[in-house]
Amino acid sequence: MDESGLGQIDALDESVPPASLWREAGRKLVRRPSFIVAAVMILIVVAVTCFPGLFASGDPNSGCFLASRFGGPSAGHPLGFDQQGCDIYTRIIHGARPSVLVGALTMLTVLLLGGTVGALAGWRGGWLDAILSRLGDIFYAIPTVLAALVFLNSQKDRSGVVMVVLVIAAFAWPQMARITRGAVLAVKNADFVTAARALGVSNRRILVSHVLPNAAAPMIVTATVSLGTYIVLEATLSFLGLGLPLTMHSWGSQISAAQGLIRTHPEQLLWPSAALALTVLAFIMLGDAVRDALDPKARR
Amino acid sequence: MGWYIGKRVLQMVPVFIGATLLVYAMVFLVPGDPIQAMFGERAVNPNVAAQIRQQYHLDQPFINQYLIWLGGIFQGDFGTSFSGRPVIDEIAQVYPTTVRLALMALVLEAVLGVVLGAVAGLRRGRWFDSTALVLSLLLIAVPTFVMGFLLQAVVGVKLKWLPVTVGADVSLRSLLMPAFVLASVSIAYVLRLTRTSVAENAQADFVRTARAKGLGAGQVVRRHILRNSLIPVVTFLGVDLGALMGGAIVTEGIFNIPGVGNKLFQAIIRGQGPTVVSLVTILVLVFMLTSLIVDLLYAALDPRIRLV
Amino acid sequence: MGEPLLSLRDLEIVFASRQATVSAVRGVSLDLEAGCSLAIVGESGSGKSTTAHAIINLLPGTGQVTAGSIKFEGQELVGASERTFVELRGAKIGLVPQDPMSNLNPVYRIGRQVKEALRANGVDPKRSTYKALTELVGEDIPDTPAGRLYLSSAGREALIAELTRRGLFNDQVGRDLVIGFSTRIEVQSLLQGLGLEDAAQLAAAHVDGASANDRVAGLLAEAGLPDAARRARQFPHEFSGGMRQRVLIAMALAARPQLLIADEPTSALDVTVQRQILNHLGTLTRELGTALLFITHDLGLAAERAQQLVVMYKGRVVEAGPSLDILTDPRHPYTQRLVEAAPSLSSRRLGSAVAPGAGGVITVSNRDRADHQSQGHQSQAGEPAADGGRRPLLRVTELTKVFRLRGARPGSHSLFTAVDRVSFDVPAGTTAALVGESGSGKSTVANLVLDLLEPTSGQVEFEGQNIARRSKAERFAFRRQVQPVFQDPYGSLDPMWSIFRILEEPLRTHGLGDPKWRADRVRQLLDRVALPASTMRRYPNELSGGQRQRVALARALALEPKLVVLDEAVSALDVLVQAQVLELLAELQRDLELTYLFITHDLAVVRQTADRVYVMEQGRVVESGAVEDIFQHPRQDYTRRLLEAIPGSSLRLGEPLRPEP
């Protein structure tokens, strides 16, 4: 038979441009309206986090006059004033930074800690897996909010962003470890990993360049969605009075301060709540969209 | 199965010891004087302080304190609170309320989540599905305390349908709103889980075979799609019940419900170390026990699962 | 004959997605007479399964019939209501699906799932309505499918008690009385055979309709499931693939449909099981007078099993007619290529380095050693190699691999011997084939040869050196000499990597050349496997199965190895692509003097590729020898069964052929 046999019968379709899985996922993403909405919202939140001065001219702590207590919206004060006579809009703008900062830093810490532990457990297996899994179980068995409350209560004077991040991450990493471990196990015995071993590629290189990139999709999805939940966690802790110091005016403490006014001034509660919920919604929507785009079932 | 349970219980021992040690350390191995913390700003009578110190072995090295306490646990002694009552009595007083609230939340999750999720899964891509998905996103995104205040303001204050807070009246009616608030995030998870699972099973080969056998659409949905889809959902509900039994600090706080969560929060704030440690220990035990039961349940629901 | 049972006319089926509509079936027409058999043959994507599913309105996803007509018993089905189809499915048209592993609901017992098929189609095994009717008329129940009465478990016990009392009962009689399967007429003639004068009365008294459970057991027994009554209480995961397929057949035939659609019913099964099940299916449909619509990718299989063939290619019927006519005189170029390529019908060894053009060049000494080995003797490691003075490139001696399987109790375990004292030699430039069914240990041997697993005992020698006793550097160097190609084209390439990176990885790992040289080499490699250079910028998910497999082959060749281990490397490919890849392999062997260790379950492929064959069963080599020897004079039963199982092996091209009796 002639040389052209294979070229003819099983010809490569050269008309479509080449696309890696990531690029393909990216193309799928930008076609989704929910991704666009989430991305725009997140961009705004990030901008507000980085440059609050661009959005609100005043300082959240100065410019409070008891005279304007509960004052309604007016020029330059679109949302009115709170019970101390401070501008609500300014406070909400400045409340974004602590919330988003805690969420993002916690996510990174968890990704690093949980990802490393999970990858090691899944890749090495055996006794190391058993020990790391039990270690994860220990932290998983205590509810995160509870553990954070107990710990932060004993560290009241030193509370700050770093402390809150560390305590949430310390009890939230097992979930990421489980997901990473599962993803690594799923790839570990793939034929392409065996092929790499047969080529003489070193163990560590296989883990870093073949296994982890293929395990990344579920990790990224979990990380995005949990960023939203960490923001909620910080707000919950601040709401309970044990999160960030009051001077940081995080959304959680703003809600906490307004909770007594639910019957008389519900709008005081509404604004910080809305800011918090929308931010969280943006990250969860993003995670959702990314999950759908990376879904291996939709690939072939 | 006996071997499996034995193995699992054996695995629980290090987890239990690790978790309690962690909590014990967070409560007692802290800078500052726990007794001073207990009395707040007031001056402490040195004699009283010494007595308490001895009673709670606070004069001993940390690890000894822990071992003495752990020994007590294994004998069923959960210690005495700083107020002098056995901790177990204090727990017994608040636990029924929490159990009632947890079960109500679970029922809401199961009913709302499964029904909405199943319909959405069967009509994937249509308007009901999209609406259910958006609803679930909102439920997840709105934090519990925001949801609580929102419902209090609208359903309680404005419409006056349900009582705003619970207090001493732990009737089903007054617990309905808090139960929904407590369940809200899980409703969304159950909904999404059911939806994915139903949509996946609807595409399964065995469902096509069931249709090829001549089964009608209703029978196929009930006997093949729903039955199989409920396996992961029931598992999730089981794990969630374990979490709900731990009490809900935020929800019980907002609605002023005398449950475990409230009790625990008060104990943490007031520095009542022994109460905190014992309460958390019980929660850890409940959690580990429910996850064991969930595993057994999973094996019972799915004949493919071999317990090893 | 009058009107055909099933008649398709100009059928068009389209899959519509948001981006595009894909035409899957274009203008297909075919006729199937009642009680006859017809096979649709085509490769994946030809539209054969889509056509079959359209008949019972079970098209997946967005599939839709857009034009044409489907008539069953004269009734138009295109545009019919779902209710019509619910009534039709199971009762008049049964479906045996493709993959036995996924087609049974894992959470229900087998019996329940078969019973569902009876219930859904209103089958009453007790025949209560029917009996009442005949009583009214005053005549006896005739032995028609609708009136057939089956032996119940209670009836069987009573009958056995009666026979035992008369001293006539024996094991054979016990075996012949099958619950839910033996009919009144059959029992009567059985009893007459025992010389009983009151046979008719006895049969009428004891065979009076079975309960649904009894009938389920009978149906399963009929489908060839041993110990059916007990088996019915088990779950699908406790069954092997072949047994599950029997359950699916029992289910499809439960309500005695007029038409059975069998969609690649055995493609997922081991070859010998495949043959048993197809034989059984053929016998059953013939006995019941059920028409059979058989869907397959295997031309030989189709010709063997069906009277009529319809060959489909890219959604169109390219040729149709009586099976033998098509096989002996294919008109359409596609069919001609298919006939040519079908490994089941070919017996030619593709050219290789040692035996160019023809197979069967085997030295006497070689055959002698094969005899020794099959009798359990081992060849001494120091013995000079026999193949015309060639040293064996690979020598495997007494290779054994035992796995420890963890038990349910802590500390308990069982030992599983996957490979049991396997010995063979592969001379340089030749192809040795390890043949066996799943679980025979052939892939474990591959992994041992590749040094991916440690042997429990025995040794693998490559170029005279034991591969276990080597330094790290030597092990690394060994990787350049021996390379694998695996079965699954979807799993063997990292989906995250571009083809260029995939092909460059071996070169980079072994520190060969500079970037420019490596880029040139990648281009060369792609050219070697007949892929354009532009492929290197693509990713695995953009390639077809055959293209991926060629990339995997190129990767294996990148380091210029001496030995390539082909672990089922062509099994997952379509027939035509498979034939081309086999040609390519032969060509590469000739040009590069490669040595192949070919691992496969497919003896037909072996005949085209191998010089020597080692047949493995349960971890052992049970027979070995030159290819032609094994094919002409198989010594072991197992080998014979494997050979018989080659689809189309009963057909001899050029000889006058008769359809199966």
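That block above? That's the structure.
The written sequence of each chain sets the order in which its residues are numbered from 1. Chains and ligands are labelled sequentially in the order written, the chains with letters from A and the ligands with numbers from 1. Confidence filtering applies because this is a predicted model: local features only for residues at pLDDT of at least 70, side-chain atom pairs given and counted only at 80 or more, and all residues used for totals across whole chains, interfaces and linings. Where side-chain values are given, they derive from all heavy atoms of the structure, hydrogens and water being excluded.

### Observations concerning the nonpolar core
Working step 1: Take the buried residues of types Ala, Val, Leu, Ile, Met, Phe, Trp, Tyr and Cys, join any two whose side-chain atoms come within 4.5 Å, and each joined set is a nonpolar core. Relative accessibility decides the category of a residue: with a 1.4 Å probe and only protein chains considered, values under 20% of the type maximum give buried, values over 50% give exposed, and everything between is partly exposed. Of all hydrophobic cores here, the largest spans 157 residues; its most connected members are Ile168 and Leu276 of chain A together with Phe145 of chain B.
Working step 2: Secondary structure elements are defined from DSSP: runs of H or I of at least 4 residues count as helices, runs of E of at least 2 residues count as strands, and each element is numbered from the N terminus. With 15 residues, helix H12 (residues 266-294) of chain A is the largest single contributor of residues to this core.
Working step 3: Contacts: residue pairs with any heavy atoms within 4.5 Å of one another. Every residue in contact with Leu276 of chain A, bar those within four places of it in the chain, is listed here: Ile231, Ala235, Trp251 and Ile255 of chain A together with Pro143, Phe145 and Val146 of chain B.
Working step 4: Counting residues in each nonpolar core, the second largest holds 74 residues, with Leu553, Leu559, Phe631 and Leu643 of chain C among its members.

### Quick look at a positive patch on the surface
Working step 1: Residues Arg23, Arg27 and Arg31 of chain A together with Arg18 of chain C make up a contiguous surface patch of positive charge.
Working step 2: Relative to the elements of secondary structure, Arg27 of chain A occurs in helix H2 (residues 21-30). Residues forming no salt bridge and having over 30% relative accessible area are the ones grouped into patches, like charges within 9 Å of each other and nonpolar side chains (Val, Leu, Ile, Met, Phe, Trp, Tyr) within 5 Å. Residue exposure ignores everything except the shown protein chains as possible cover, and the areas themselves are Shrake-Rupley values with a 1.4 Å probe. For salt bridges, the criterion is a side-chain nitrogen of Lys or Arg within 4 Å of an Asp or Glu carboxyl oxygen. Neither His nor the chain ends contribute to the count of charged residues, in which Lys and Arg are positive and Asp and Glu negative. All charge positions are set by atom: Lys at NZ, Arg at CZ, Asp at CG, Glu at CD.

### Some points on the interface of chain C and chain A
Accessible area lost during the coming together of the parts is what is often quoted as the interface size.
Working step 1: Facing 48 residues of chain C, the contacting portion of chain A comprises 37 residues.
Working step 2: Simply put, the buried area is the total loss of 1.4 Å probe accessible area from both parts when two parts are fitted together. Taken as a group, Met496, Arg538 and Gln580 of chain C account for 19% of the area that chain C buries against chain A, more than any other trio of residues on that side.
Working step 3: Under this definition, polar contacts are N or O atom pairs within 3.5 Å; protein pairs additionally need one hydrogen-donor-capable and one acceptor-capable atom, and for neighbouring residues in sequence, both atoms have to be side-chain atoms. Linking chain C with chain A are 10 residue pairs in polar contact (both at pLDDT 80 or more).
Working step 4: Secondary-structure elements contributing two or more residues to the side of chain C that touches chain A are helix H15 (333-341), helix H18 (472-481), strand E16 (482-485), helix H19 (499-509), helix H21 (545-557) and helix H22 (575-592) of chain C.

### With respect to the interface of chain B and chain A
Working step 1: Taken together, the contact pairs 38 residues of chain B with 38 residues of chain A.
Working step 2: Summed over both sides, the interface between chain B and chain A buries roughly 3,300 Å², with carbon and sulfur atoms accounting for 82% of that surface.
Working step 3: Together, Met26, Phe145 and Phe149 of chain B form the three largest contributors to the area buried by chain B at its contact with chain A, with a combined 19%.
Working step 4: On inspection of chain B and its partner chain A, the count reaches one salt bridge.
Working step 5: Residues Arg192 of chain B and Asp288 of chain A are paired through a salt bridge, measuring 2.3 Å at the closest nitrogen-oxygen approach.
Working step 6: Linking chain B to chain A there are two residue pairs in polar contact (both at pLDDT 80 or more).
Working step 7: Those elements that provide at least two residues to the side of chain B that touches chain A are helix H1 (2-28), helix H6 (127-141), helix H7 (144-158), helix H8 (172-202), helix H11 (249-254), helix H12 (260-269) and helix H13 (273-301) of chain B.
Working step 8: The biggest single contributor to the side of chain B that touches chain A is H1 of chain B, with nine residues.
Working step 9: All amino acids are sorted into three groups, where Ala, Val, Leu, Ile, Met, Phe, Trp, Tyr, Cys and Pro are nonpolar, Asp, Glu, Lys and Arg are charged, and the leftover types, Gly among them, are polar. Its residues placed into classes, the side of chain B that touches chain A shows 33 nonpolar, three polar and two charged.

### So, the sheet that holds strand E6 (residues 93-96) of chain C
Residues and elements named next belong to chain C.
Working step 1: Taken together, six strands build an open sheet; the order of strands is E6-E7-E8-E3-E9-E10 and the sheet is mixed. Every other strand in the sheet has two partners, leaving E6 and strand E10 (316-322) as the edge strands with one partner each. Shown here is a sheet whose adjacent strand axes are inclined to one another by a mean of 15 degrees, direction ignored.
Working step 2: The criterion for strand pairing is that DSSP finds at least two bridges linking the strands in question. Relative to strand E8 (residues 291-296), strand E3 (residues 37-41) is paired through five bridges, and the arrangement is parallel. Residue pairing for E8: Ile40 is matched across the bridge by Ile295.
Working step 3: Orientation is described by axes fitted as lines to C-alpha atoms, over the contacting stretch for helices, and by angles from 0 to 180 degrees between their N-to-C directions. The sheet contacts of helix H1 (residues 48-55) involve E3, E6, strand E7 (259-263), E8 and strand E9 (308-313), and relative to E8 the element is tilted by about 145 degrees.
Working step 4: In this fold helix H11 (residues 241-253) packs onto E6 and E7, with an angle of close to 175 degrees to the strand it touches most, E6.

### Some details on the sheet that holds strand E14 (residues 457-462) of chain C
Residues and elements named next belong to chain C.
Working step 1: Spatial strand order, E12-E11-E14-E15: four strands in an open sheet with antiparallel pairing. Two strands lie at the open edges of the sheet, namely strand E12 (413-427) and strand E15 (465-466), each paired on one side alone.
Working step 2: Note that strand E11 (residues 392-406) and E14 share five bridges and pair antiparallel. Bridge pairing in E14 places Val396 opposite Val460.
Working step 3: Packed on one face of the sheet, helix H17 (residues 442-449) meets E11, E12 and E14 and runs near 115 degrees to E11.

### Points about unusual backbone geometry
Residue and element names in this part refer to chain C.
Working step 1: Here the phi dihedral of Arg256 falls at roughly 50 degrees; this positive angle occurs in a residue that is not glycine.
Working step 2: In this structure, Arg256 sits in the loop between H11 and E7.
Working step 3: The backbone of Ala530 sits at a positive phi, close to 60 degrees, despite the residue not being glycine.
Working step 4: Among the structural elements, Ala530 can be located in the loop between helix H20 (515-528) and H21.

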